[in-house]
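Listed below, chain by chain, are the residues.
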Amino acid sequence: MFVVTLTFADQTRAGELMEAHKAWIQRGFEEGYFLMVGSLQPNRGGGILAHGTSLAKLESFVAEDPFVAEGVVTPEILEITPARLDDRLEFLAA
């Protein structure tokens, strides 16, 4: 399981790249990488919970985000090995 943070570095081009960024997010769900996407508060960027992929594949996919490619955000990927899970999250143990 991975937590990805996309912290704003330069918001000046965020508006013009937003539709492409949203399309990239949609691809992340369609390809089965993303479980959740949301905003980091207050207005710090975005956060993603990812699962079902390798670190190398996720790094490559994150690099394709137009926000990352154009320097709007700085990505950080944290890998988490679950040690204890609520029953509702047992699918993450696989």
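Residues numbered from 1 in each chain as written. Predicted model: local features only at pLDDT ≥ 70, side-chain atom pairs only at ≥ 80, totals over all residues. Heavy atoms only, no water.

Concerning the overall build of the protein chain
Okay, so step 1: When helices and strands are counted, the protein chain shows three helices and four strands.
Okay, so step 2: Going from N to C terminus, the protein chain has its helices and strands arranged as β-α-β-β-α-α-β.
Okay, so step 3: With the principal axes as the frame, the protein chain shows a C-alpha extent of 40 × 25 × 20 Å.
Okay, so step 4: A separation threshold of at least 6 residues defines the contact pool for the protein chain, and within that pool the share at least 24 residues apart is 69%.
Okay, so step 5: A total of about 5800 Å² of accessible surface is found on the protein chain, and carbon and sulfur atoms cover 53% of it.
Okay, so step 6: Separation between the mean location of the 7 positive side-chain charges and that of the 14 negative ones in the protein chain comes to 4 Å. (Helix = DSSP H or I, 4+ residues; strand = E, 2+ residues; numbered from the N terminus. Contact = heavy atoms within 4.5 Å. Areas by Shrake-Rupley, 256 points an atom, 1.4 Å probe, with all protein chains shown as cover. Lys, Arg positive; Asp, Glu negative; His and termini not counted. Charge placed at Lys NZ, Arg CZ, Asp CG, Glu CD.)

Points about the pairing of strand S3 (residues 45-50)
Okay, so step 1: With five of its six residues buried, S3 lies for the most part within the structure.
Okay, so step 2: Pairing of strand S1 (residues 2-8) with S3 involves six bridges; the strand directions are antiparallel. When the bridges of S3 are listed, Val3 appears paired with Leu49.
Okay, so step 3: Alignment of strand S2 (residues 34-40) against S3, held across six bridges, turns out to be antiparallel. Within S3, the position partnered with Val37 by the bridge is Ile48.
Okay, so step 4: Here S2 folds back onto S3 in antiparallel fashion, the turn holding four residues, of which Asn43 has a positive phi close to 50°. (Buried < 20%, exposed > 50% of the residue type's maximum accessible area, 1.4 Å probe, protein only. Pairing = 2+ DSSP bridges.)

Description of the nonpolar core
Okay, so step 1: Counting residues in each nonpolar core, the largest one holds 18 residues, and the members touching the most others are Leu6, Trp24, Phe34, Ile48, Leu58 and Val62.
Okay, so step 2: For this core, the secondary structure elements donating two or more residues are S1, helix H1 (14-30), S3, helix H2 (55-63) and helix H3 (66-69).
Okay, so step 3: Here this core gets four residues from one element, more than from any other, and that element is H1.
Okay, so step 4: The residues contacting Phe34, other than those within four sequence positions of it, are Trp24, Ile25, Gly28, Phe29, Ile48, Leu49, Ala50, Leu58 and Phe61. (Core = buried A, V, L, I, M, F, W, Y, C linked by side-chain atoms within 4.5 Å.)

Some words on the pattern of salt bridges
Okay, so step 1: The tally for this structure, following the rule as stated, stands at five salt bridges.
Okay, so step 2: Across the pair Glu31 and Arg27 runs a salt bridge, and its minimum N-O distance is 3.5 Å.
Okay, so step 3: For Glu31, a relative accessible area of 43% gives the class partly exposed.
Okay, so step 4: Relative accessible area serves as the criterion here: at 30%, Arg27 is assigned to the partly exposed category.
Okay, so step 5: Note that Arg88 is salt-bridged to Asp86, the shortest N-O span being 2.9 Å. (Salt bridge = Lys/Arg side-chain N within 4 Å of Asp/Glu carboxyl O.)

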